[in-house]
Structure formats: C-alpha cells, structure tokens
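# Overview (structure and organization)
Listed below are the residues making up each chain.
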Amino acid sequence: MAHPDRPAPRFGSCYLVLRPEVSARCTFTFLGSQEDRADSRAGTLDIPEPVLAALLRHVEEDPAPLGVGGLGVGALVAAMREGVPCAPPGVAPGRPGRALDSFVEAQVHGPVELGRDVERLVADSAFRGTPTADALGEIASRYGISLDWHPGFALPAAEVPETFRGFPTRRLAERVAPGGTVDAPRIGAAHDDFVRNPEAWRASGTASEVRTCFRRLWHVLVLFGRPAQPRAESSGG
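From a predicted model like this one, the values you see are computed outputs, not experimental measurements.

### Quick look at helix α1 (residues 49–61)
- Relative to the 18 Å expected for 13 residues at 1.5 Å per residue, α1 spans 18 Å between its end C-alpha atoms, a close match to the ideal helical length.
- In this structure, the buried residues of α1 make contact with β2 (26–30), β3 (42–43), α2 (73–82) and β4 (104–108).

### A word on the nonpolar core
- Val176, Val182, Ile187, Phe214 and Leu217 are the most contacted members of the largest nonpolar core, which has 34 residues in total.
- Where this core is concerned, the elements lending two or more residues are β5 (118–124), α4 (131–143), β6 (146–150), α5 (170–176), α6 (184–196) and α7 (207–224).
- Per element, the largest residue contribution to this core is eight residues, and it comes from α7.
- Leaving out residues up to four positions away in the same chain, Val182 has contacts with Phe153, Ala154, Leu155, Ala157, Ala173, Val176, Ala177, Ile187, Leu217 and Leu221.
- Core analysis: the next-biggest nonpolar cluster, separate from the first, contains 15 residues, Cys26, Leu31, Val51 and Leu71 among them.

### With respect to the environment of Thr130
- Looking at the secondary structure, you find Thr130 in the loop between β5 and α4.
- Along the backbone, Thr130 and His3 are 127 residues apart, and their C-alpha atoms lie at a distance of 24 Å.

### Some thoughts on the sheet that holds β3
- One open sheet holds the three strands; their spatial order is β3-β2-β4, and the pairing between them is antiparallel. Because the sheet does not close on itself, it has two edges, and the strands there are β3 and β4.
- Where β2 meets β4, five bridges bridge the pair, whose relative direction is antiparallel. Considered in β4, the bridge of Cys26 is made with Val108.

### Observations regarding the packing of aromatic side chains
- Per the counting criterion, the structure on display carries five aromatic pairs.
- Considering the side-chain rings of Phe194 and Phe214, the 6.1 Å spacing of their centres and the 40° angle between planes classify their relative orientation as tilted. Of this pair, Phe194 sits in helix α6 while Phe214 sits in helix α7, and the two are 20 residues apart along the sequence. Neither Phe194 nor Phe214 differs from the other in exposure class; each is buried.
- One aromatic cluster is present, formed by Phe194, Trp201 and Phe214 through successive ring pairs.
- Here the basic side chain of Arg10 rests over the ring of Phe11, its NZ or CZ set 5.9 Å away from the ring centre.
- Over the ring of Trp201 we find Arg175; its NZ or CZ atom is 3.6 Å from the centre of that ring.

### Notes on the packing of α1 against α2
- One can describe the packing of α1 onto α2 by two numbers: an axis separation of 9 Å at closest approach and a directional angle of 140°. It follows that α1 is oblique to α2 by the angle criterion. Mapping the contact onto sequence places Leu52, Leu55, Leu56, Val59 and Glu60 in α1 and Val73, Leu76, Val77 and Met80 in α2.
- The class makeup of the residues in the contact of α1 with α2 is eight nonpolar, no polar and one charged.

### Some thoughts on the side chain of Asp124
- Among the secondary structure elements, Asp124 is positioned in strand β5.
- A polar contact of 2.8 Å, which involves the side chain of Asp124, links it to the backbone nitrogen of Ala126.
- Sequence-distant contacts of Asp124, that is, excluding residues within four places in its chain, are made with Ser13, Cys14, Trp149, His150, Gly152, Phe153, Ala184, Trp218 and Ala228.

Rules and cut-offs
Residues numbered from 1 in each chain as written. Predicted model: local features only at pLDDT ≥ 70, side-chain atom pairs only at ≥ 80, totals over all residues. Heavy atoms only, no water. Helix = DSSP H or I, 4+ residues; strand = E, 2+ residues; numbered from the N terminus. Expected span 1.5 Å × (residues − 1). Contact = heavy atoms within 4.5 Å. Core = buried A, V, L, I, M, F, W, Y, C linked by side-chain atoms within 4.5 Å. Buried < 20%, exposed > 50% of the residue type's maximum accessible area, 1.4 Å probe, protein only. Pairing = 2+ DSSP bridges. Phe/Tyr/Trp six-rings, centres within 6.5 Å; stacked < 30°, edge-to-face > 60°. Lys NZ or Arg CZ within 6 Å of the ring centre and 35° of its normal. Axes fitted to C-alpha atoms, helices over the stretch in contact; angles between N-to-C directions. Parallel < 35°, antiparallel > 145°, perpendicular 65-115°, else oblique. Nonpolar A, V, L, I, M, F, W, Y, C, P; charged D, E, K, R; others polar. Polar contact = N/O pair within 3.5 Å; in protein donor to acceptor, adjacent residues only side chain to side chain.

Keep in mind these values describe shape, not function.
If you want it as structure tokens, here you go:
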C-alpha cells in the first residue's frame, strides 16, 4: 500500500525495510501468528495461497482493508500482478494508512544483519532533535543504510478518548504529557519510567494492565494522531 507509517503501525513508530531477497527465507501469516488457527492463514513465497485467501476474504468484508477505504479485490489483485503500490483513491501521497487491524505478519528465519539485510531505517519525525535521532543516524551511517523519516503521530492529551478498547487512555495521556502533546518519544520516556520505577505506577493497575494501556495509547495515536512536530534538527536527521 506504500503507506509511510508502514503496513503495521500498531507495532511501533520506527521500522526497518528489509531487502527483497530476505522474503525467500520468511513465512507469512495474515494477522498475528499467535492467534487461533493461524496456521490456516500461513504460507511462503512458494506456497502463498493460504495467506492470499485470508487476505482477499478480509478485503471483501472490510470497508477499509489495509488502510485503504473502498479497496476492492479486483484493485488489489491488479496491483499485486503489476508489482506496484495500490494507491488509496483520492488520498494524497504520503498520508498515513493507519492500518491498525489488518496486516500480513512476516517471520524471518535466521539472523537479520543490518549491513546485509536492511535497505532503509524509517523513523517517526517526532524523534528529530532528540538523542534517539542521533543514535539512529549513527546506526544508519555505521551499516550503510538510508535513514528516512515519516510524518509521525502526535495528539494533544486533551483529545485522547477516555477509554480505548476497554482500557483507560486519557488518564495515561495526561500523565505522559501533562497539558501537552502525546507522541512516540513521550510514550517511550513514560514507559521507561514505568520499567524503572514500577512502584510509582502501582495505583494505575497491575503491571500487565499498565503495559496494555501503553499499547492502547499508541493505537490511539495511530488512529487519530496528526503529523508530529520535530523538536529541532539533530545530527541524526
């Protein structure tokens, strides 16, 4: 789909683009491999039919599969045959897909080596001007890979819904960014504090509940966030 926020933004704000040849040693599963009957939706490049069948069924049933509203089976099949991205109709290039609940998971068999297997490192623009940007820039330089930026996600804490999929998110947003804007760096910093100082978070629930709230808050950013505002340019940019 060529979404700048990648095919599965629910799993994080920064990602690696692997070289095409890595796919030859991958298995693929439509949706998560941990789910019931996942083996019926799994395949390889040589045996793709179970993955494609599940994907096409999903495209037929979902109004916005893979982050593309109105995508039909015919359009997807045509794009796959031509080997080109299936551009969302009427959507400006570079707009995030926000594909939270539909994706094809890939499992790479064997080691992944940055210098050999990685083509690009793509980061959330909210990290520009932070030490993380410097670290990403050093990694890209060391291994000879491209460092690119996607628009990222940010949302004022006051606009975060009270709950999302059964877990409180507004309360966490206000703790992550009191009176300010929630983005990936602030969520990461708050989660680091939770790991280092679990006692300070005990009133927010069990460790499992707090971790789930962090995930749900990120999912809210994926669905409703606007392009992040970089803090400042860094050497990693």
